[in-house]
Amino acid sequence: MAQAPNRTIAVINGPNLNLLGEREPHIYGAQTLAEINASLTALADDAGFDLICYQSNHEGDLIDQVQAMRLTTGGLIINPGGYAHTSVALRDALAAYTHPIVEVHISNIHRREAFRHQSYLSAVVTGVICGLGADGYRLALQALMERLQPAALDSAI
Ligand code: CA2
């Protein structure tokens, strides 16, 4: 019998995502980060999960947060912003996280400039969602909540 899963999930957003809804709505949509976080929190709450929402513009702070989440959460959603394309250190922190992780990008990074086509993080996460706008966060949350149901843990996925 598997141990009861930790029903706390963290949503971590990286640099500049605090500007969502303020600029470039044609790329990133019109919703603010506060609005996205509020709707994710309501969805998690309805399903009996706790959500921790965190945003930082600083690489070291994101790494500290991922490390702190190792013992307190059962899953992570991360939109690393531009650090997806540059940060070996953030990748190393995520590789040390032992629960499921979903990497989210609001835009389709593969349809954009070549330097955005590679994410250093994708190889160490469970799944990647990109190009579906803010819906990507909701889909990531639903996927993690399914994986953190006790029945899912019994069937090695
Ligand atoms: O599509 C995504 O979610 C990105 O992670 C967003 C990053 C970008 O560097 C990645 O390549 C793809 C940029 C976040 C900037 O967010 C802004 C939001 C509103 C206004 C200006 C920037």
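Structure: above.
Throughout, a residue's number is its position along its own chain's written sequence, starting from 1. Confidence filtering applies because this is a predicted model: local features only for residues at pLDDT of at least 70, side-chain atom pairs given and counted only at 80 or more, and all residues used for totals across whole chains, interfaces and linings. The side-chain values count all of the structure's non-hydrogen atoms but skip hydrogen atoms and water molecules.

Concerning the nonpolar core
Piece 1. Of all hydrophobic cores here, the largest spans 21 residues; its most connected members are I9, L40, L51, I77, Y137 and L141.
Piece 2. For the purposes of this entry, the term helix denotes a DSSP run of H or I that reaches at least four residues, the term strand denotes a run of E that reaches at least two, and both are numbered from the N terminus. If you list the elements that add at least two residues to this core, you get β1 (8–13), α2 (33–46), β4 (101–105) and α5 (135–147).
Piece 3. Each nonpolar core is a collection of buried residues, namely Ala, Val, Leu, Ile, Met, Phe, Trp, Tyr and Cys, held together in the definition by side-chain atoms within 4.5 Å. Burial classes follow relative accessibility: with a 1.4 Å probe on protein chains only, a residue under 20% of its type's maximum area counts as buried, one over 50% as exposed, and anything between as partly exposed. The next biggest cluster of nonpolar side chains, apart from the first, holds 16 residues, and it includes V66, L90, L121 and V125.

Comments concerning the pattern of salt bridges
Piece 1. By convention in these notes, a salt bridge is any Lys or Arg side-chain nitrogen within 4 Å of a carboxyl oxygen on Asp or Glu. Applying the stated criterion across every chain yields a total of four salt bridges.
Piece 2. With its nearest N and O atoms 3.5 Å apart, the salt bridge here joins E24 to R23.
Piece 3. If you follow the salt bridges from partner to partner, you end up with R112, E113 and R116 in one network.

So, the sheet that holds strand β3 (residues 75–79)
Piece 1. One open sheet accounts for five strands, arranged β2-β1-β3-β4-β5; its pairing is parallel. Each edge of the open sheet carries a strand with a single partner, namely β2 (50–55) and β5 (127–130). Put simply, the sheet's adjacent strands are angled 15° from each other on average, direction ignored.
Piece 2. Looking at chain direction, β1 and β3 are connected through five bridges and run parallel. When DSSP locates at least two bridges between a pair of strands, those strands are taken to pair. Helix axes are fitted only over the stretch in contact, all axes being lines through C-alpha atoms; the angle between N-to-C directions runs from 0 to 180 degrees.

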